[in-house]
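Residue strings, one per chain:
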Amino acid sequence: MPAKASRGKTFSEKKLTAEVLGRIRKTRDARLKRVMTSFIEHLHSFVRDVKPTPAEWMSGIQFLTETGHWCTGKRQEYILMSDTLGVSMLVDALNYAAGEGATQSTVLGPFHREQAPEYPLGADVSKNGTADGEPCEVSGTVRDTKGKPVAGAKLDIWEGGADGLYDSQKGDDMNLRGVFRTDAQGKFHFRCVTPTFYPVPHDGPVGRMLTATGRHPMRPPHLHFWITAPGYKPLITHLFVKGGKYLDSDAVFGVKPELIIEFKKGKDGLTRARYDFVLMSEATGRRKTRAARRRT
Ligand SMILES: [Fe+2]
């Protein structure tokens with residue numbers, strides 16, 4: 001007879017969750033213990049709620065396995081899953097509360113690449129001219145929440161072409177992406193192509209999930225920014241094209257009204273857009289945390 005049974009302990013589905021939690025009670029890292037406790041509790045609740053058959057549970061495991069297999073150096077299917085389930089926006093919202101007039105953040109997305117080429121202000125990130133899309137000039141300033149220009153702020157920008165594809169999806173290395181730095185007055189300007197709407201990659205497991213749940217894979221026209229400067233919180237955001245398709249049903253839930261701006265085509269054929277970014281000081285959240293602590 002098994003030792004536990006001899007002590008009168010029998011298996012209980014109701015006590016299983018507590019037993020699993022009991023096994024991790026010696027976890028030394030307090031944050032890991034908190035994360036694992038919540039994860040186990042929610043996962044068990046999910047299973048009790050859905051009551052999957054063994055075949056259904058296995059198909060879930062196969063789905064996650066396949067998602068991992070689709071990931072490469074240039075494709076991140078898990079980020080896509082996180083984005084399309086609204087989790088990326090939730091994590092961002094809980095971590096980046098834009099206060100004091102600061103620019104709103106949004107999702108990073110799966111297409112950012114490290115070591116994009118750095119260009120002088122005014123340069124064009126399009127290597128193929130009009131084959132990449134309609135010419136566009138984007139300009140503006142980077143300031144802090146008190147209106148002071150941020151000189152030398154790094155703007156890492158990237159976008160898809162008129163064909164709806166990013167460079168990494170078609171082997172055009174480092175096209176339609178680049179790094180710029182603001183001048184002494186915190187100003188920037190560069191050339192790119194007018195952003196167009198496009199589908200997130202939907203030929204893999206995440207695409208199947210979207211189809212199975214009656215969703216489209218489209219994102220509204222947008223231009224990505226990752227702005228950093230010493231002493232300020234990094235800002236990951238987009239500028240969306242006013243009047244663009246899919247603004248009200250972005251597949252990754254990334255649209256915020258404050259980030260929708262006019263991209264206006266001039267008589268000279270050049271589309272122009274302007275935006276003044278406002279960065280939060282690195283100390284903003286810390287001050288709030290200390291103030292909140294004092295209140296409690
Ligand atoms: Fe994008």
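Use the structure listed above.
What this report covers is the structure whose coordinates are included nearby. Source: prediction; values computed, not measured.

Around the iron ion, the donor atoms from the protein are Tyr166 (OH), Tyr198 (OH), His222 (NE2) and His224 (NE2), and they sit 2.0 to 2.1 Å away. Written as a sequence motif, the donor arrangement for the iron ion is Y-x31-Y-x23-H-x1-H. One end of the pair, Tyr166, is in the loop between β2 (154–158) and β3 (177–181); the other, His222, is in strand β7 (residues 222–228), with 56 residues separating them in the sequence. Residue His222 is classed as buried on the basis of its relative accessible area, which comes to 1%.

Let's shift gears to the pairing of β7. Of all seven residues making up β7, five are buried, and the element is well covered by its neighbours. Examined bridge by bridge, β7 and strand β8 (residues 235–241) share six bridges and lie antiparallel to one another. The partner of Ile227 across the bridge, within β8, is Leu235. The loop that links β7 with its antiparallel partner β8 comprises six residues; one of these, Gly231, has a positive phi angle of about 90 degrees.

Within this structure, the stated rule accounts for 15 salt bridges. With its nearest N and O atoms 3.3 Å apart, the salt bridge here joins Arg113 to Asp167. One end of the pair, Arg113, is in the loop between α6 (87–95) and β1 (135–144); the other, Asp167, is in the loop between β2 and β3, with 54 residues separating them in the sequence. This pair shows no difference in class: Arg113 is buried, exactly as Asp167 is. Residues Asp163 and Lys170 are paired through a salt bridge, measuring 2.7 Å at the closest nitrogen-oxygen approach. Residue Asp163 is classed as partly exposed on the basis of its relative accessible area of 46%.

On to the packing of helix α5 (residues 77–84) against helix α7 (residues 205–212), then. Direction vectors running N to C along α5 and α7 enclose 25 degrees, while the axes themselves pass 9 Å from each other. As summarised for this structure, α5 and α7 are arranged roughly parallel, according to the angle between their axes. Each of Glu77, Leu80, Met81 and Thr84 in α5 lies in contact with α7, whose residues at this interface are Pro205, Val206, Met209 and Leu210. Along the lines of polarity and charge, the residues of the contact of α5 with α7 split into six nonpolar, one polar and one charged.

This next bit is on the sheet that holds β8. Taken in spatial order, the five strands of this open sheet run β3-β2-β7-β8-β9, and their pairing is mixed. With partners counted over all chains shown, the strands left at the sheet margins are β3 and β9 (260–261), one partner each. Relative to β7, β2 is paired through five bridges, and the arrangement is antiparallel. Bridging from a neighbouring strand, Leu155 pairs with Ile227 of β7.

Rules used throughout
Residues numbered from 1 in each chain as written. Predicted model: local features only at pLDDT ≥ 70, side-chain atom pairs only at ≥ 80, totals over all residues. Heavy atoms only, no water. Donors = N, O, S within 2.8 Å, 3.2 Å for Na, K, Ca; no water. Helix = DSSP H or I, 4+ residues; strand = E, 2+ residues; numbered from the N terminus. Buried < 20%, exposed > 50% of the residue type's maximum accessible area, 1.4 Å probe, protein only. Pairing = 2+ DSSP bridges. Salt bridge = Lys/Arg side-chain N within 4 Å of Asp/Glu carboxyl O. Axes fitted to C-alpha atoms, helices over the stretch in contact; angles between N-to-C directions. Parallel < 35°, antiparallel > 145°, perpendicular 65-115°, else oblique. Contact = heavy atoms within 4.5 Å. Nonpolar A, V, L, I, M, F, W, Y, C, P; charged D, E, K, R; others polar.

Note that all results are geometric; they support no functional claim without further evidence.
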